[in-house]
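Residue-level listing of the chains:
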Amino acid sequence: MSRICELTGKGRMVGNNVSHANNKTKRTFLPNLQNVTLLSDSLEQAFKFRVSASGLRSVEHVGGLDNWLLKTSDEKLSTNARKVKKAVSKKQALAA
């Protein structure tokens, strides 16, 4: 399982450990991923995602999973999130 946020696309970053003697060695910075269950208001169903902590704060800030999925481009979303986005947009189109 890759260490990529399913909703924001945030992945690992590469940098250097720098010692007191200014020696540099490569290291990786991994995102803070959490397994969470998010509720969809329009579908009235729960979905499990592996989301970064900052991504979870962003979803809450925008107003929930449905708003986040409709706002975010498909390139950032995982295949599971794209399926949920398609179902949400279809449900909202029927309601309108």
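Just above, that's the structure.
On a predicted model such as this, the values are computed, not experimentally measured, just so you know. (Residues numbered from 1 in each chain as written. Predicted model: local features only at pLDDT ≥ 70, side-chain atom pairs only at ≥ 80, totals over all residues. Heavy atoms only, no water.)

**Section: the pairing of strand β4 (residues 45-52)**
And step 1. Summarising the sheet, strand β3 (residues 33-40) and β4 pair through eight bridges and their orientation is antiparallel. From the neighbouring strand, Val36 faces β4, where its bridge partner is Phe49. (Pairing = 2+ DSSP bridges. Helix = DSSP H or I, 4+ residues; strand = E, 2+ residues; numbered from the N terminus.)

**Brief notes about the nonpolar core**
And step 1. With 16 residues, the main nonpolar core has Leu7, Phe49, Leu65 and Leu69 as its most contacted residues.
And step 2. Sorting the residues of this core by element identifies β3, β4, α2 (65-71) and α3 (79-95) as the ones contributing at least two each.
And step 3. Setting aside residues up to four positions removed in sequence, Phe49 forms contacts with Glu6, Leu7, Gln34, Asn35, Val36, Leu38, Leu65, Asn80, Ala81 and Val84. (Core = buried A, V, L, I, M, F, W, Y, C linked by side-chain atoms within 4.5 Å. Buried < 20%, exposed > 50% of the residue type's maximum accessible area, 1.4 Å probe, protein only. Contact = heavy atoms within 4.5 Å.)

**A closer look at the environment of Thr37**
And step 1. Assignment of secondary structure puts Thr37 in strand β3.
And step 2. Since its relative accessible area comes to 46%, Thr37 is described here as partly exposed.
And step 3. For the pair formed by Thr37 and Arg50, sequence separation is 13 residues and the distance between their alpha carbons is 8.8 Å.
And step 4. Beyond its immediate chain neighbours, meaning those up to four positions away, Thr37 contacts Ala46, Phe47 and Lys48.

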